[in-house]
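# Survey of secondary and tertiary structure
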There are 2 protein chains.
Amino acid sequence: RGRRMPDSNARVVAATAVALGAAACVLASRWARCVLRRRASVELLYFNISGLGEPIRLALTLAGQPFVDRRVSFDEFQQLKPTLRFGQVPCLVVDGVELFQSAAILRYVGQAFDPSGTLYPRRDLALASKVDALMDQVADMLVGRKVYKYKSRFGFPDALFTPELTQTVERTWRDETLPRHLGFFIRCLAESPTGWLAGTRAPTVADLLLACVLRTDVANAAPLPQSLLAFVDAVYSLPAVKAFKQAEEAAR
Amino acid sequence: RGRRMPDSNARVVAATAVALGAAACVLASRWARCVLRRRASVELLYFNISGLGEPIRLALTLAGQPFVDRRVSFDEFQQLKPTLRFGQVPCLVVDGVELFQSAAILRYVGQAFDPSGTLYPRRDLALASKVDALMDQVADMLVGRKVYKYKSRFGFPDALFTPELTQTVERTWRDETLPRHLGFFIRCLAESPTGWLAGTRAPTVADLLLACVLRTDVANAAPLPQSLLAFVDAVYSLPAVKAFKQAEEAAR
């Protein structure tokens, strides 16, 4: 009993130290992200259009990550193409490492550069998987359109598509495929307590991807229902996004 | 100076405790995976074909995660369809939570159930992004085929595709699109020091996806080059995969 106090002190010291160790460890990944973020040289290679590059630009912007927004002409791209691993853009070059495929890039940006961890919820595996699935769902929605726009790239000979055939395909996609897919997203948004697709408190990369696609590819094909217009507006009203679009406009 | 020993002891205790705290924290995520893995009720819903379900079956098998391999007929699927969030299978139900889209499911399986962490390298963000991009690349390869096989689902009216047109599209995909995409994967494998797509010491979910797709969709359309045959064989020779395929065969 004479040793009770020192023991008790040692226990307090040990418990505090364990807590500090654990806290340091929990903070380490966030800290690592901040370090990575400060040091990284980041360049996005894409055409001077919205397309698949825009959601990446918005993600980098919302993460507060400085980047070189390199916009290539189609001629420049043809020269670059053989040097790119899969012959495709968007390509994000981070400290010399080339990243490909827009969803894979978005997932990386959300994890590597966003100190708030909201763009990609990597800690919650089921939620992260939902964000992934939503991004793939957006890609699925565009398959028909992608194929009739870039026929030969997907094995559809250009010569096959008479103007009449192209028109029929376009109409079927717009009137049948598109509304079915939009219905999924409208339901997601209606069921979300926060107005974002995955029910997160702030937008994820899936929200950015869908908003960009709705604003261009989809809106060009058919008028958007009110709920989706409001969703696009919510993304483009985020202060950082607004500032980015203004700077982009000013640079024209 | 009289208090030196106790102080020193306290320091040793504190240092040890910090180390223990940090170690406990590092081990926590692995431990969490093991707990999740033991407790989880996992059911895979898919047709009794290889398709998009097979890589998920192989991933669960390689992770050592027990699962109900529920194979539905096309009639059963039509009844289930309205109850599924996006009207699609594969669907992985983990403790009542439904996960969708095969790549999103694969990513989840690799992270939630694989104690070795090799199926999906989540700790290395650039490597994980490469695995993601490779999976999207596999999906891109199949777009043309998917569209001419499930025309109306992507906005191509069935009536449009005369047998002659279908044949032309099939031939163009097989002779032009497919070899270009296969070339990317052949190069990846040739450059890999380990024989796996992303250069990892063991296969990732991208290897499983590519092997399954090559073995069925691609091999049904065109003969595989030797290097890809060897790659498929490497995946299907993994002891756990071999045992799974034997059990599947025996259950027929």
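Our subject is the structure that appears above.
Report follows, based on the coordinates. (Residues numbered from 1 in each chain as written. Chains lettered and ligands numbered in written order. Predicted model: local features only at pLDDT ≥ 70, side-chain atom pairs only at ≥ 80, totals over all residues. Heavy atoms only, no water.)

## Section: the nonpolar core
Rules: As used in this record, nonpolar core signifies buried Ala, Val, Leu, Ile, Met, Phe, Trp, Tyr and Cys residues forming a set joined through side-chain atoms within 4.5 Å. Partly exposed describes any residue whose relative accessible area lies between the buried limit of under 20% and the exposed limit of over 50%, with all areas from a 1.4 Å probe on protein chains only and scaled to the type maximum. Secondary structure elements are taken from DSSP: a helix is a run of H or I of four residues or more, a strand is a run of E of two residues or more, and numbering for both begins at the N terminus.
In this structure, A:Phe113 and B:Phe113 are the most contacted members of the largest nonpolar core, which totals 162 residues. Among the elements that line this core, the one with the most residues is helix α5 (residues 125-149) of chain B, at 13 residues.

## Section: the side chain of B:Ser50
All names here are of chain B. Rules: Residues are treated as being in contact if the distance between any of their heavy atoms lies within 4.5 Å.
Relative to the elements of secondary structure, Ser 50 occurs in the loop between β1 (42-47) and α2 (54-63). The exposure class assigned to Ser 50 is buried, which follows from its relative accessible area of 16%. Not counting the four nearest positions on each side in its chain, Ser 50 is found in contact with Arg 57 and Thr 216.

## Here's the deal with the interface of chain A and chain B
To keep it simple, the criterion reads: Computed with a 1.4 Å rolling probe, the buried area is the accessible surface lost when two parts are put together, summed over both parts. The working definition used for a salt bridge is a side-chain nitrogen of Lys or Arg within 4 Å of a carboxyl oxygen of Asp or Glu. Counting of polar contacts relies on pairs of N or O atoms within 3.5 Å, with two restrictions inside protein: one atom must be capable of donating a hydrogen and the other of accepting it, and residues adjacent in sequence are counted only when both atoms are side-chain atoms. Ten residues, namely Ala, Val, Leu, Ile, Met, Phe, Trp, Tyr, Cys and Pro, are considered nonpolar, four, namely Asp, Glu, Lys and Arg, are considered charged, and the remaining ones, Gly among them, are considered polar.
Listed as interface residues are 58 residues of chain A and, on the opposing side, 57 residues of chain B. When the two sides are added together, the surface that chain A and chain B hide from each other amounts to roughly 5,000 Å², 63% of it contributed by carbon and sulfur. Three residues stand out in chain A for area buried against chain B, namely A:Arg85, A:Phe86 and A:Leu125, and they jointly supply 14% of the buried area on that side. For the pair chain A and chain B, the number of links is four salt bridges. In this structure, B:Arg107 engages A:Asp132 in a salt bridge whose closest nitrogen and oxygen atoms are separated by 2.7 Å. On the surface where chain A and chain B come into contact, there are 13 residue pairs in polar contact (both at pLDDT 80 or more). Counting only elements with at least two residues in the side of chain A that touches chain B, the list comes to α1 (4-39), β4 (97-100), α4 (102-112), α5 (125-149) and α6 (163-191) of chain A. At 14 residues, the largest contribution of residues to the side of chain A that touches chain B is made by α5(A). Residues belonging to the side of chain A that touches chain B are distributed by class as follows: 35 nonpolar, 12 polar and 11 charged.

## What about the environment of B:Val131?
Residues and elements named next belong to chain B. Residue placement: Val 131 occurs in helix α5. Given a relative accessible area of 0%, Val 131 falls into the buried group. C-alpha separation for the pair Val 131 and Arg 107, spaced 24 residues apart in sequence, amounts to 9.4 Å. With residues up to four places along the chain from it excluded, the contact list for Val 131 reads Tyr 120, Pro 121, Ala 198, Thr 204, Val 205 and Ala 206.

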